[in-house]
Amino acid sequence: MTSNRHLLRLLALLFSFGLIAAACGDSTDDTSADAGETAESDADSDSEDADAGGDTLTMAIVAPSASDDLAFTQSMIESIEALDRDIDLQVTDGTFVVDDAAAAIRGYAEDGVEVIVAHGTQFGGPLTEIAPEFPETTFIWGTSSDTQGLENVFAYYPAADQGGYVNGVLAAAISESGKIGVVGPVEAGDAVAYINGFAQGAMDSGDVEVAITYTGSFSDVALMAEAAQAHLSNDVDVLTGSSQAVVGAVGVASENGVPWFGTQANQVPLDGELVVASQVYHWEVVLVEMLDLRDSGTLGGQAFEITLENGGLEIEFNDGYELPEGAREAADAAIAGIIDGSVDTGA
Amino acid sequence: MRDFFTVSILVATIASGIRLATPYLLAGLGETIGQRSGVLNLGVDGVMQLSAFFSYWAVLETDNLWLGMVIGLVVGLVMGVIYAVVTVVLKAQQGISGIGIFLFGLGFSDLMFRRQVGTPKPANQLPEIPIPLLSDIPWVGEALFEHSVVTYAAFATVPLLAWMLRSTTFGMNIRAVGENPQAADSLGVSVAWNRTFAILIGNGMAGLAGAALVLELGIFQPNLTNGLGFIAVALVYFGAWRPVGIMSGALLYGLVAAVVLQWKAQGIIPRGASDIAAMAPAVLTILALIILAGRVQAPAALTRPFSRH
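Topic: the overall build of chain A
Looking only at helices and strands, one finds 11 helices and 13 strands in chain A. Within chain A, the proportion of its 347 residues that are buried is 60%. Expressed as a percentage of contacts within chain A between residues at least 6 apart in sequence, the contacts between residues at least 24 apart total 68%. Accessible surface for chain A amounts to roughly 13,100 Å². Of this, 48% is attributable to carbon and sulfur atoms.

What about the pairing of strand E4 (residues 115–119) of chain A?
All names here are of chain A. Of all five residues in E4, five are buried, a share of seventy percent or more. In E4, alternate side chains face the same way, and those of Val115, Val117 and His119 on one face and Ile116 and Ala118 on the other are all buried. In this structure, strand E2 (residues 57–62) lies alongside E4, joined through four bridges in parallel fashion. When the bridges of E4 are listed, Met59 appears paired with Val115. In this structure, E4 lies alongside strand E5 (residues 138–142), joined through five bridges in parallel fashion. The partner of Ala118 across the bridge, within E5, is Trp141. Running through helix H5 (residues 124–130), the crossover from E4 to the neighbouring parallel element E5 is right-handed.

Observations regarding the sheet that holds strand E10 (residues 260–264) of chain A
Residues and elements named next belong to chain A. With mixed pairing, the six strands of this open sheet are ordered in space as E8-E7-E9-E10-E11-E13. Each edge of the sheet is formed by a strand with only one pairing partner; in this case those strands are strand E8 (209–214) and strand E13 (313–317). For this sheet, the mean inter-axis angle between neighbouring strands, taken without regard to orientation, is 15 degrees. Strand contacts of helix H7 (residues 189–205): strand E7 (179–184), E8, strand E9 (238–241), E10 and strand E11 (275–281), with the helix running at about 165 degrees to E8, the strand carrying the most contacts.

Structural notes on the packing of helix H2 (residues 44–62) of chain B against helix H10 (residues 228–238) of chain B
All names here are of chain B. Look at H2 against H10: their axes get within 7 Å of each other, and the N-to-C directions meet at 135 degrees. In terms of orientation, H2 and H10 fall into the oblique class. The hand of the H2/H10 crossing is right-handed. For the pair H2 and H10, contact is made by Val44, Asp45 and Met48 and by Leu228, Gly229, Phe230 and Val233, respectively. Looking at the contact of H2 with H10, its residues break down into five nonpolar, one polar and one charged.

So, the nonpolar core
Ranked by internal contacts, the top residues of the largest apolar core, which has 95 residues, are Leu239 and Trp260 of chain A together with Phe220 and Leu224 of chain B. No other element matches the 11 residues that helix H9 (residues 191–217) of chain B contributes to this core. When residues no more than four places from it in sequence are discounted, the contact partners of Phe220 of chain B are Gln49, Ala52, Phe53, Tyr56, Ser109, Phe113, Pro120 and Val214 of chain B. By size, the runner-up hydrophobic cluster in this structure holds 60 residues, among which are Ile87, Ala172, Tyr281 and Phe304 of chain A.

A short note on the packing of aromatic side chains
In total, this model carries 19 aromatic pairs over all chains according to the counting rule given. Here Tyr281 of chain A and Trp283 of chain A contribute two aromatic rings whose centre-to-centre distance is 5.2 Å and whose plane-to-plane angle is 75 degrees, an arrangement assigned as edge-to-face. A single burial state applies to Tyr281 of chain A and to Trp283 of chain A, both of which are buried. Taken together, a centroid distance of 5.6 Å and an interplanar angle of 75 degrees make the contact between Phe4 of chain B and Trp263 of chain B edge-to-face. Taken together, the residues span a long stretch of sequence, with Phe4 of chain B in the segment before helix H1 (7–36) and Trp263 of chain B in helix H11 (residues 243–265) at a distance of 259 residues. Residue Phe4 of chain B is classed as buried on the basis of its relative accessible area, which comes to 6%.

Considerations on the interface of chain A and chain B
At the interface, 56 residues of chain A touch 43 residues of chain B. Counting the surface lost from both chain A and chain B, the interface buries some 4,100 Å², and carbon and sulfur atoms represent 62% of this. Counting every contact that joins chain A to chain B gives two salt bridges. Per element, the largest residue contribution to the side of chain A that touches chain B is 13 residues, and it comes from helix H1 (residues 2–25) of chain A.

What to know about the domain arrangement of chain A
Residues and elements named next belong to chain A. Segmentation of chain A into domains returns domain 1 (2–142) and domain 2 (160–280 + 313–340). Listed as interface residues are six residues of domain 1 and, on the opposing side, seven residues of domain 2. Carbon and sulfur atoms supply 67% of the area that domain 1 and domain 2 bury against each other, a total of about 640 Å² over both sides. When residues of domain 1 are sorted by the area they lose upon contact with domain 2, Leu70, Ala71 and Phe72 head the list and together hold 68% of the total. For the pair domain 1 and domain 2, the interface holds zero salt bridges. Broken down by class, the residue content of the side of domain 1 that touches domain 2 amounts to three nonpolar, two polar and one charged.

Rules and cut-offs
Residues numbered from 1 in each chain as written. Chains lettered and ligands numbered in written order. Predicted model: local features only at pLDDT ≥ 70, side-chain atom pairs only at ≥ 80, totals over all residues. Heavy atoms only, no water. Helix = DSSP H or I, 4+ residues; strand = E, 2+ residues; numbered from the N terminus. Buried < 20%, exposed > 50% of the residue type's maximum accessible area, 1.4 Å probe, protein only. Contact = heavy atoms within 4.5 Å. Areas by Shrake-Rupley, 256 points an atom, 1.4 Å probe, with all protein chains shown as cover. Pairing = 2+ DSSP bridges. Right-handed = clockwise from strand over helix to strand, strands pointing away. Axes fitted to C-alpha atoms, helices over the stretch in contact; angles between N-to-C directions. Parallel < 35°, antiparallel > 145°, perpendicular 65-115°, else oblique. Left-handed = near helix turned anticlockwise from the far one by under 90°. Nonpolar A, V, L, I, M, F, W, Y, C, P; charged D, E, K, R; others polar. Core = buried A, V, L, I, M, F, W, Y, C linked by side-chain atoms within 4.5 Å. Phe/Tyr/Trp six-rings, centres within 6.5 Å; stacked < 30°, edge-to-face > 60°. Buried area = accessible area lost by both parts, 1.4 Å probe. Salt bridge = Lys/Arg side-chain N within 4 Å of Asp/Glu carboxyl O. Domains from an automatic or database assignment.

As structure tokens, this is what we get:
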């Protein structure tokens, strides 16, 4: 009997420990965007601010990967921090389980947070249930090109094919073997848009072959690395890829001295010499419009796209990588052509 | 398809399969020892996550790959001590305890990464070390004898563990406490100590598997193992609790994954079938388990805590 009690206590302790650690892993951070002010750290005070009608806007992000993933989630965090508003921002990241994300979204809504960003296409399902229950809350959801008919949901989507096309033009200019490798997660969302645009840009710019591998996973870093290795064994001499798992593939590129093109966020920190350029998402361009609409009483119901034209997409070049003659000019011409409509990215 | 059957591509594919198989092999061998003693550990993946993070962090701070490996081993052993206390001393239900260990490893490695490192940063990678003479053998040398020291160690462990289980007193004691702990106990064999040692070996090898994974990649990311530890547990059943069987399973899994990647790179697998093809290693493993079901027997006392009364 005594040993049973010990056992139960220990099991309870072990589970508590595990669950606390797991919960800590899906970290919930509270940070202040803009103005550099210290954030209020609890949701009650956020609600009071909102109720009091003060200038501080309460926002929250629920995102599937880490805040500093050098990819999808980081692009949104940096965009909100770039907004010229006084924002009290809370972050729940690492919610790769959709049910966890749904609980976080609902929790923020119940706490009275005014604007909640559900940063992941996969969060669309739960949002159709949650958003109608909180008609005064604005939900911002992406990547998606439609709002699912919800009046208090704004949707956002990147024209990732555009930056992909420009990176493809550059890659074709760099490649000596005429073979370029691409690694992607699953054939969906902005990953497929980027990859299709990249392949189109490369093939429009020269006689090159573009080999594309989708690993089937957003998070399998080792498989992504081996996918890059498989490309290299086929004489590929330039690589690119999309998703937070590309860090493994960038490592393979570094180890073999192969140039790399990034997307979603600037990936120069992964290799200061071999990351040639990155397509960077500036969601703030459309976030400003959404928040202005909210101020004027429109809580949602519209979809927004970031593009090269509206400045939501930007190609950030790495000064540490010396481009061959004419490559930068070709890239600039592609950007101009996409903006004026004379270049078709194949999207 | 013709391009696939060139020497250079076949060599690269086999080398890739061996690299992919290494963490499965290390973790699977360790789990085999534990299960042969009667202890199931579903927390392998969590132990791997923890050791992967601490190995990575150590290498990031010191640039010392050996220290990274040692840290991975030590983290595995520490988790082994915890698991032994829970399952052997306190006789907790093994499946549930293992899930607790997994959740702890997943969450704590993520938490530590955020607090101590933040954004992914490249660290030193394990270098490939060609074995003199053997690596000069045409074709075979490049595929089999140009790997990291951890890969060599993992495959060298297979005959060592097979011999240990079959021919040493310690190995026979482990098998005895896994098959019939009451009989072993009546003959003076300590069930608790043998199970504890087996758990320590298992967790130590899971720790090394985590270290091998992260140091081959040279970078850490939350949930890096991506369920690899659970597949390692499945491979123990696939391998019928024998080291050579585990090695066969790990190699099959790694090689199928490598062939699929190579076929995708060469456009042999159409893009539309890409996601289906990605499931091939798991599907093959499940098929093998179905075929083997009923033909092999698990240790009779697996998952059963031992008590004299």
